[in-house]
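Okay, here's what each chain looks like letter by letter:
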Amino acid sequence: MTLYPKLITDALATVTYPGTKKNIVESGMVADNLHIDGMKVEFSLIFPRDTDPFLRSTVKAAEAAIHYHVSKDVEVTINLEYKSKPRPEVGKLLPQVKNIIAVSSGKGGVGKSTVSANLAISLARLGYKVGLLDADIFGPSMPKMFDVEDARPYAVEVDGRSLIEPIEKYGVKLLSIGFFVNPETATLWRGGMASNALKQLIGDSDWGELDYFIIDTPPGTSDIHLTLLQTLAITGAVIVSTPQNVALADARKGIDMYRNDKVNVPILGLVENMAWFTPAELPENKYFIFGKDGCKNLAKEMDAPLLAQIPLVQSICESGDAGKPAACDINTITGQAFISLAQAVVTVTNKRNREQAATKIVEVKKQ
């Protein structure tokens, strides 16, 4: 049997690419480099990007089509090309980002996302270039807190790659899975899907040059935390807790996760949120409704700095729900508290960078 180019292209024309609903020849996916040597056939398929969800199935279908329509004795070699350059390998992501700060909590409900949003805005107000990633894949809250729920990031071409352009507000570059899912619907994803989505938000986005990249992590310890630790060299972690004993117990677990021998991410310090309640009509009064100095004592016990004690005032909740976080107004008690937190984070980060080696990405060895 003699093979010739049209025999191969006719077979490939029977393969439909789900991304365009057309066959792969019509879609311009078969490169002009078809090489035939006896019963050996070699050519390239061109995909939009290396993360194309239909890549594997299309390659298998193309090989099967040649075996079915031409001959099962044909030895097929299919090379891959991409219109968009592939994502940089782990270890080379975010080359223009100076500091990556993970904001974590051992449990939910302690105000971690509120602290993350206000820390990012406060750093921007201090003149730093700031990015904020909402890494809480299953419960994203940043779109609402920044009043950009209707925003839809678009793609831009950067150095031959198609990248997601972050939404920018209050001087902060922001991305969240909340921009890409229905806010009324629960996100029912397995761990692998959530981790891949997070990697895309990190590696396939145009973050550009940043002084601080703040990551609002999910509560607890999970697949998402492991993905972050395996993907990025995190400069340090900020742990958020309330003064309650139940919250402090979980905060210890969060600290232990980062200080684990296999992780070794420095703890930059602790933030005591809801440290006391101050009513608007009595701004000088303090009511310690969740306990007093619990996080301050934990910081001393864990030999970590206490970065800030943030009071509980009604305006923090109202400003977050209204899409204008407290840090937007520095002429308030809470606005000042978050500016002080940002200044403390800058101080401890600079000290960490002077005195400690760069964090290494966590490597998980397969058994």
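Presented here is a report on the structure given in the accompanying data block. Quick caveat, the model's predicted, so the values are computed rather than measured.

Remarks on the overall build of the protein chain
Along the backbone of the protein chain there are 10 helices and 15 strands. C-alpha atoms of the protein chain, sized along the principal axes, occupy 90 × 45 × 35 Å. Looking at the 367 residues of the protein chain, the share that counts as buried comes to 49%. Of the contacts formed within the protein chain by residues at least 6 apart in sequence, a portion of 74% connects residues at least 24 apart. Of the roughly 18,500 Å² of accessible surface on the protein chain, a fraction of 50% belongs to carbon and sulfur atoms. Charge centroids of the protein chain, computed over 39 positive and 42 negative side chains, lie 4 Å from each other.

Notes on the sheet that holds strand E5 (residues 75-82)
Hydrogen bonding along the main chain pairs the strands of a sheet, whether they run parallel or antiparallel. Spatial ordering of the open sheet is given by E3-E4-E5, a layout of 3 strands whose pairing is mixed. Looking at strand neighbours, the two that pair on one side only are strand E3 (35-37) and E5, the edges of this open sheet. Recorded for the sheet is a direction-independent mean angle of 20° between the axes of neighbouring strands. Helix-sheet contacts for helix H2 (residues 55-69) involve strand E4 (40-47) and E5, and the interaxial angle to E5 is about 150°.

Re the packing of aromatic side chains
For the structure on display, the rule yields 7 aromatic pairs. Between Tyr128 and Tyr212, the ring centres sit 5.4 Å apart and the planes meet at 90°, which makes this aromatic pair edge-to-face. Here the residue Tyr128 occupies a position in the loop between helix H3 (112-125) and strand E7 (130-134), and Tyr212 occupies one in strand E12 (residues 210-216), the gap between them amounting to 84 residues. Judged by its relative accessible area of 30%, Tyr128 is partly exposed.

Focus: the layout of surface pockets
Taken as a whole, the largest pocket encloses approximately 390 Å³ of empty space. Among the secondary structure elements, those contributing two or more residues to the lining of the largest pocket are strand E9 (161-164) and helix H5 (191-203). No other element matches E9, which puts 4 residues into the lining of the largest pocket. For the lining of the largest pocket, a count of residues per class yields 10 nonpolar, 4 polar and 6 charged.

Some thoughts on the environment of Pro18
Looking at the secondary structure, you find Pro18 in the loop between strand E1 (16-17) and strand E2 (22-23). Counting along the chain gives 24 residues from Pro18 to Glu42, while the straight-line C-alpha distance between them is 23 Å. Every residue in contact with Pro18, bar those within four places of it in the chain, is listed here: Phe54 and Thr58.

Regarding the pattern of salt bridges
One pass over the full model with this rule turns up 7 salt bridges. For Lys253, the salt bridge identified is with Asp250, shortest N-O distance 3.6 Å. With a gap of 3 residues between them, Lys253 and Asp250 both fall in helix H7 (residues 245-259), about one helical turn apart.

Concerning the nonpolar core
Judged by nonpolar contacts, the single largest core of 85 residues is most densely connected at Phe146, Phe213 and Ile214. Take this core: its biggest share by element is 8 residues, from helix H10 (residues 333-355). The residues contacting Phe146, other than those within four sequence positions of it, are Ala117, Ile121, Leu132, Lys169, Tyr170, Val172, Leu174 and Gly323. One finds Tyr17, Ile24, Val59 and Ile66 within the second-largest nonpolar core, a separate group that totals 21 residues.

Remarks on the pairing of strand E11 (residues 172-176)
Burial analysis of E11 places 4 of its 5 residues in the buried class, which makes it a mostly covered element. Pairing analysis gives 5 bridges linking E7 to E11, with the strands arranged parallel. Following the sheet pairing, Leu133 is matched in E11 by Leu175. Relative to E11, strand E10 (residues 167-169) is paired through 3 bridges, and the arrangement is antiparallel. Paired with Lys169 across the strands is Val172, a residue of E11.

So, the sheet that holds strand E14 (residues 267-277)
Pairing is mixed across the open sheet formed by 8 strands, whose spatial order is E10-E11-E7-E12-E6-E13-E14-E15. The strands lining the two open edges of the sheet, one partner per strand, are E10 and strand E15 (306-312). Strand after strand, the sheet turns through a mean of 25° between neighbouring axes, direction not considered. As judged from the 5 bridges shared by E7 and E12, these two strands associate in the parallel manner. Bridge pairing in E12 links Leu133 to Ile215. Here helix H8 (residues 294-301) sits on the sheet and contacts strand E13 (236-241), E14 and E15; the angle it forms with E14, its principal contact strand, is near 160°.

Parameters at a glance
- Residues numbered from 1 in each chain as written.
- Predicted model: local features only at pLDDT ≥ 70, side-chain atom pairs only at ≥ 80, totals over all residues.
- Heavy atoms only, no water.
- Helix = DSSP H or I, 4+ residues; strand = E, 2+ residues; numbered from the N terminus.
- Buried < 20%, exposed > 50% of the residue type's maximum accessible area, 1.4 Å probe, protein only.
- Contact = heavy atoms within 4.5 Å.
- Areas by Shrake-Rupley, 256 points an atom, 1.4 Å probe, with all protein chains shown as cover.
- Lys, Arg positive; Asp, Glu negative; His and termini not counted.
- Charge placed at Lys NZ, Arg CZ, Asp CG, Glu CD.
- Pairing = 2+ DSSP bridges.
- Axes fitted to C-alpha atoms, helices over the stretch in contact; angles between N-to-C directions.
- Phe/Tyr/Trp six-rings, centres within 6.5 Å; stacked < 30°, edge-to-face > 60°.
- 1 Å grid on protein atoms, 1.4 Å probe; cavity = no way out; pocket = protein on both sides within 12 Å on 5 of 7 lines; lining within 4 Å.
- Points joined across faces, edges and corners; volume = space filled by probe spheres on them.
- Nonpolar A, V, L, I, M, F, W, Y, C, P; charged D, E, K, R; others polar.
- Salt bridge = Lys/Arg side-chain N within 4 Å of Asp/Glu carboxyl O.
- Core = buried A, V, L, I, M, F, W, Y, C linked by side-chain atoms within 4.5 Å.

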